[in-house]
Amino acid sequence: MIRLLIFAIPLFFIYLFINEYLKQKRAADKNWNNQWEEKKKNFQKEKEIIAKEKEILKLKQKLKENEEADKMNNPNSSDFSSN
């Protein structure tokens, strides 16, 4: 009986340790997967924002060029007063 207890008690603690280890590993894997998905979403959003910023800069540049072209085409429209 004592021999059984000598082997059973350590085996029981080993079982508890392995069980807790597996729980922690599953939780860590789940957390890592969630973080990975979040990083992918953030990367996609960042790419979209960068693309929109580039588009806005192009539109601003185009507007500025159009304004400059209008000033060149109509130099008397706003620069000088007519008497």
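Shown above is the structure to which this text applies.
Values in this document were obtained by computation on a predicted structure and should not be read as measured data. (Residues numbered from 1 in each chain as written. Predicted model: local features only at pLDDT ≥ 70, side-chain atom pairs only at ≥ 80, totals over all residues. Heavy atoms only, no water.)

Novice: Break down the overall build of the chain for me, with residues and values.
Specialist: The number of helices and strands found in the chain is one helix and zero strands. By the burial criterion, 0% of the 83 residues in the chain qualify as buried. Element-wise, carbon and sulfur atoms account for 60% of the exposed surface of the chain, whose accessible area totals about 8,700 Å². (Helix = DSSP H or I, 4+ residues; strand = E, 2+ residues; numbered from the N terminus. Buried < 20%, exposed > 50% of the residue type's maximum accessible area, 1.4 Å probe, protein only. Areas by Shrake-Rupley, 256 points an atom, 1.4 Å probe, with all protein chains shown as cover.)

Novice: Give me a negative patch on the surface: which residues, what numbers.
Specialist: Taken together, the side chains of Glu 65, Glu 67, Glu 68 and Asp 70 define an acidic patch exposed on the protein surface. On the secondary structure map, Glu 67 appears in helix H1 (residues 2–73). (Patch = residues over 30% accessible without salt bridge, like charges linked within 9 Å, V, L, I, M, F, W, Y side chains within 5 Å. Salt bridge = Lys/Arg side-chain N within 4 Å of Asp/Glu carboxyl O. Lys, Arg positive; Asp, Glu negative; His and termini not counted. Charge placed at Lys NZ, Arg CZ, Asp CG, Glu CD.)

Novice: Kindly report on the packing of aromatic side chains, identifying the contributing residues and their values.
Specialist: Aromatic rings in a pair are described by how distant their centres are and how their planes are angled relative to each other. Across all of its chains, the model carries two aromatic pairs by this definition. Centroid distance Trp 32 to Trp 36: 5.8 Å. Interplanar angle 5 degrees. Geometry classified as stacked. Highlighted residues: Trp 32 and Trp 36, both in helix H1, separated by four residues, approximately one helical turn. (Phe/Tyr/Trp six-rings, centres within 6.5 Å; stacked < 30°, edge-to-face > 60°.)

Novice: Describe the pattern of salt bridges, naming the residues involved and giving the relevant values.
Specialist: When their charged atoms lie close together, side chains carrying opposite charge are able to pair. Scanning all chains against the criterion turns up one salt bridge. Two residues, Lys 40 and Glu 37, come together in a salt bridge whose shortest N-O distance is 3.3 Å. Here Lys 40 and its partner Glu 37 are both found in helix H1, three residues apart, which amounts to about one turn of the helix. With relative accessibility at 38%, the residue Glu 37 sits in the partly exposed group.

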